[in-house]
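# Structural characterization, general
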Amino acid sequence: MGQALQQLVVALLLLSACRAPDHEAMTSHADATLARVGANDAPPTIPPRTPQIALFPCVEQCHKDRTPDPHKRELKEFHSLKHLEHGDTTFWCNFCHNDDNLDTLRLLDGRTVSFNEAYRLCGECHGDKRRDWQAGIHGLQSGYWDGSHEKVRRSCTACHDPHAPRRPTFQALPAPTLRLKQEVQGHE
Amino acid sequence: MSELTPSCGSGACGCGQSAAVATAGIDENEELAAALVRGGEQLQSSRRAFMTQLATAAGTAAVAASGCSTSVSWEQFTQKHYKELTAEDKRKLIERVEKRARDQYGVEVEVSDPQPTPGVEFAYALNLSYCIGCRRCEYACAQENNTSRDPEMHYIRVLQIEKGTMSLEGSDSYYEGSVPAPDKYYMPVQCHQCDNPPCVRACPVTATWKEKDGVVVIDYDWCIGCRYCEAACPYWARRFNFAEPKLRPSDINPKQSLLSNRIRPMGVVEKCTFCLHRTREGRYPACLEVCPTGSRKFGNLLDPNSEVRKIIDTKRIYVFKEELGTIPRFYYFFD
């Protein structure tokens with residue numbers, strides 16, 4: 001019995017010695033306390049989207065006495081300017097918008113979510129992006145990396161137009177003028 | 001013999017020490033020559049003693065004599081290396097830096113000296129799949145770090161590269177117009193804060209070193225402007241102040257720190273410090289917050305839950321010029 005225990009202890013010691021050094025090269029001064037490690041577990045703030053939506057709430061503003069028409073057609077009155085460049089040709093309004101309450105969105109399983117939680121809807125198709133976004137490695141974040149103060153994470157629709165999610169082109173800011181400006185002008 | 005003041009023609013008014021040695025009239029003064037020889041022998045062991053001897057031989061009045069618009073004060077002339085500064089020395093230095101900003105640029109600035117946090121090593125990750133080369137980061141960096149506007153100095157250089165290649169020779173950092181251009185991708189390059197930094201080894205006066213959180217910093221008062229570090233850097237990350245930095249008072253970011261974004265004098269080298277005056281207080285760097293594509297990610301390499309660690313664990317990483325063995329803290333990734 002005592003021998004078995006001894007063997008077990010030896011085996012455990014061997015095992016612990018075999019463990020690969022974890023990130024040894026880069027942790028030259030790793031402090032045992034690791035003061036801020038894990039500090040950024042606090043959930044980030046996601047600014048609400050509804051204040052950014054023109055004519056929200058939709059029902060109160062326009063859709064009070066209009067019955068939604070689920071058929072695909074050319075929109076002539078409102079929304080006519082919106083190009084639907086999302087989901088190829090298969091999408092129509094009610095694919096994401098909730099016909100029964102246009103102030104909300106509808107998930108694939110029928111549950112409704114607010115516009116402020118649109119990422120739950122987007123993530124149903126774009127699961128890889130949702131996962132990265134939730135890990136903080138997709139999309140724009142600002143504030144504090146260490147969790148000591150607020151970290152702000154933008155919702156999907158803050159950067160992507162859900163009706164045409166491909167990002168538009170930007171105008172590049174000018175390349176820097178490396179020489180003294182008067183000198184450059186003097187040569188012209 | 002009373003000419004100890006660095007002359008404007010030497011192009012090194014900002015640093016003082018080396019210029020003083022170079023321009024002293026050795027032939028005319030035996031005593032000074034002897035001091036220089038003695039000092040040269042002791043230079044390695046006791047720079048301070050050398051400076052004292054030199055000063056005794058030449059007389060303090062000579063130092064104060066000024067034929068130069070940016071004459072060096074006695075305090076600045078005898079200032080120690082950053083690492084040897086006592087708390088009192090630092091306080092005086094901060095006062096001087098604040099006074100210089102007031103006198104030269106007419107702005108009230110607040111200079112701090114944040115220190116590395118134990119258990120934190122910074123790392124940066126940049127998504128090459130998303131960067132569109134809009135140069136917002138370049139300008140936010142210049143604004144944050146008080147870099148010269150004329151000549152214009154940017155720590156970040158965005159390379160426009162042909163898709164399907166990794167050719168730096170074929171890259172262009174002076175592209176204009178609407179981005180992303182078809183068939184092009186963009187690769188911003190800035191200081192990689194190497195774990196094995198060639199620039200630090202190149203410096204003949206140890207004016208640059210690696211801090212405990214991995215940031216490679218420069219003592220702007222110790223730098224002699226030889227630019228060896230600039231030549232040693234394989235990432236073209238270091239910039240030299242050929243002229244006195246020109247900044248409008250409205251351009252100046254008043255929240256400054258000694259080792260990062262305080263306004264530099266002419267004749268010293270500077271570079272990206274991962275915005276240590278922000279990041280050591282827990283904030284994100286300025287270039288990250290301005291990026292409209294969210295390509296830039298920053299965090300603690302030692303924290304397994306940090307954003308950079310998740311990227312390193314799950315994405316395809318590209319280490320720029322990995323074969324050089326510089327071990328950068330700056331990772332490019334794709335997704």
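Residues numbered from 1 in each chain as written. Chains lettered and ligands numbered in written order. Predicted model: local features only at pLDDT ≥ 70, side-chain atom pairs only at ≥ 80, totals over all residues. Heavy atoms only, no water.

## Digging into the overall build of chain B
Heads up, the rule is: Segments assigned H or I by DSSP are reported as helices when at least four residues long, segments assigned E as strands when at least two residues long, and all are numbered from the N terminus. Burial classes follow relative accessibility: with a 1.4 Å probe on protein chains only, a residue under 20% of its type's maximum area counts as buried, one over 50% as exposed, and anything between as partly exposed. The criterion used for residue contact is that any of the two residues' heavy atoms lie within 4.5 Å. For the area figures, the Shrake-Rupley method with a 1.4 Å probe applies, and any residue is considered shielded solely by the protein chains shown.
For chain B, the helix and strand inventory stands at 12 helices and 13 strands. Burial statistics for chain B: of 335 residues in total, 58% are counted as buried. The long-range fraction of contacts in chain B, counting pairs at least 24 apart against all pairs at least 6 apart in sequence, stands at 65%. Accessible surface, chain B as shown: approximately 13600 Å² in total, 53% of it carbon and sulfur.

## Observations regarding the nonpolar core
Soluble, globular proteins show a tendency: their nonpolar side chains are buried together. To be explicit about the condition: Here, nonpolar core means buried Ala, Val, Leu, Ile, Met, Phe, Trp, Tyr and Cys residues that are tied together by side-chain atoms lying within 4.5 Å of each other.
Within the largest apolar cluster, 59 residues are counted, with the highest numbers of intra-cluster contacts made by M187(B), F298(B) and Y332(B). Taken together, the elements giving at least two residues each to this core come down to helix 6 (87-105), strand 2 (122-127), helix 7 (136-145), strand 3 (157-162), strand 5 (184-189), helix 11 (286-290) and strand 13 (330-334) of chain B. By residue number, the principal contributor to this core is helix 6 of chain B, which donates 5 residues. Among all residues touching F298(B), those that are not within four sequence positions of it are W145(A), F122(B), A123(B), Y124(B), F274(B), T279(B), Y284(B), P285(B), L288(B), E307(B) and V308(B). In this structure, V216(B), I218(B), C223(B) and C229(B) belong to the second largest nonpolar core, which totals 12 residues.

## What to know about the sheet that holds strand 11 (residues 296-300) of chain B
Residue and element names in this part refer to chain B. Stated precisely, the cut-off is as follows: Pairing between strands is defined by DSSP: at least two bridges between them are needed. Simply put, an axis is a line fit to the C-alpha atoms, just over the touching stretch for a helix, and the angle between two N-to-C directions goes from 0 to 180 degrees.
Judged by pairing direction, the sheet is mixed, and its 4 strands sit side by side in the order 11-2-13-12 without closing on themselves. Each of the sheet's edge strands pairs with one partner strand only, and the pair in question is strand 11 and strand 12 (316-318). Taken pair by pair, the neighbouring strands of this sheet meet at an average axis angle of 30°, ignoring direction. With 4 bridges connecting them, strand 2 and strand 13 associate as parallel partners. Counterpart to Y124 in the pairing with strand 13 is F330. Along the sheet face, helix 12 (residues 307-314) touches strand 2, strand 11, strand 12 and strand 13 and points at about 110° away from the line of strand 11.

## A look at the packing of helix 3 (residues 118-125) of chain A against helix 4 (residues 127-134) of chain A
Residue and element names in this part refer to chain A. Rules: Put simply, angles under 35 degrees are roughly parallel, angles over 145 are roughly antiparallel, angles from 65 to 115 are roughly perpendicular, and the rest are oblique. Note that Gly is not counted as nonpolar here; it falls among the polar residues with everything else outside the nonpolar set of Ala, Val, Leu, Ile, Met, Phe, Trp, Tyr, Cys and Pro and the charged set of Asp, Glu, Lys and Arg.
Relative orientation of the contacting elements helix 3 and helix 4 amounts to 135°, with a least axis distance of 6 Å. One element, helix 3, and the other, helix 4, form an angle in the oblique class. Side by side, helix 3 and helix 4 meet where Y119, R120, G123 and C125 of the first sit next to G127, R130 and W133 of the second. Across the contact of helix 3 with helix 4, the residue classes break down as 3 nonpolar, 2 polar and 2 charged.

## A word on unusual backbone geometry
Residue and element names in this part refer to chain B. Going from D150 to P151, the amide bond is cis rather than trans, its omega being 0°. Tracing the chain through its elements places P151 in the loop between helix 7 and strand 3. For the bond running from V179 to P180, omega is -5°, close enough to zero to count as cis. Mapped onto the elements, P180 comes out in the loop between strand 4 (178-179) and strand 5. The residue N146 is not glycine, and still its phi comes out positive at about 55°. Within the secondary structure, N146 sits in the loop between helix 7 and strand 3. Positive phi is not limited to glycine here, since Q193 has a value of about 45°. As for its position among the elements, Q193 is in the loop between strand 5 and helix 8 (198-202). Relative accessible area serves as the criterion here: at 0%, Q193 is assigned to the buried category.

## Brief notes about the interface of chain A and chain B
Often, the extent of an interface is quoted as the loss of accessible area on bringing the components together. Rules: Throughout, buried area stands for the accessible area (probe radius 1.4 Å) lost by two parts on being put together, summed over both. For this document, the term salt bridge refers to a Lys or Arg side-chain nitrogen within 4 Å of an Asp or Glu carboxyl oxygen. For this analysis, a polar contact is any N or O atom pair within 3.5 Å, provided that within protein one partner can donate a hydrogen and the other can accept it, and provided that sequence-adjacent residues contribute only side-chain to side-chain pairs.
Each partner contributes to the interface: chain A provides 47 residues, whereas chain B provides 62 residues. Buried surface at the junction of chain A and chain B, both sides included, amounts to about 4600 Å², of which 54% is carbon and sulfur. If you look at where chain A meets chain B, you find 2 salt bridges. E307(B) serves as the salt-bridge partner of K151(A), at 2.6 Å between the closest nitrogen and oxygen. Linking chain A with chain B are 21 residue pairs in polar contact (both at pLDDT 80 or more).

## Concerning the confidence of the model for chain A
Let me state the cut-off plainly: Per-residue confidence from the predictor is given as pLDDT, running between 0 and 100.
The predicted model of chain A has a mean per-residue pLDDT of 78, with 72% of residues at 70 or higher. Confidence drops under a pLDDT of 50 for residues 17-39 of chain A, and excluding neighbours within four residues, the segment shows 42 contacts in the predicted structure.

## With respect to the confidence of the model for chain B
Considering every residue of chain B, the mean pLDDT works out to 84; 79% of them sit at 70 or more. Here residues 59-69 of chain B is a poorly scored stretch, pLDDT under 50, and it has 16 contacts once near neighbours within four places are set aside; other chains count.

## Description of the environment of D221(B)
Residue and element names in this part refer to chain B. Here D221 is to be found in the loop between strand 7 (216-218) and helix 9 (228-232). With 37 residues separating them in the primary sequence, D221 and L258 have C-alpha atoms 9.9 Å apart. Reaching out from D221, the side chain makes a polar contact with the side chain of Q79 at a distance of 3.0 Å. Only 3.0 Å separates the side chain of D221 from the side chain of R262, close enough to count as a polar contact.

## Let's talk about the environment of C226(B)
Examined against the element boundaries, C226(B) turns out to sit in the loop between strand 7 and helix 9. Between the alpha carbons of C226(B) and F240(B) there is a distance of 9.4 Å; along the sequence they are 14 residues apart.

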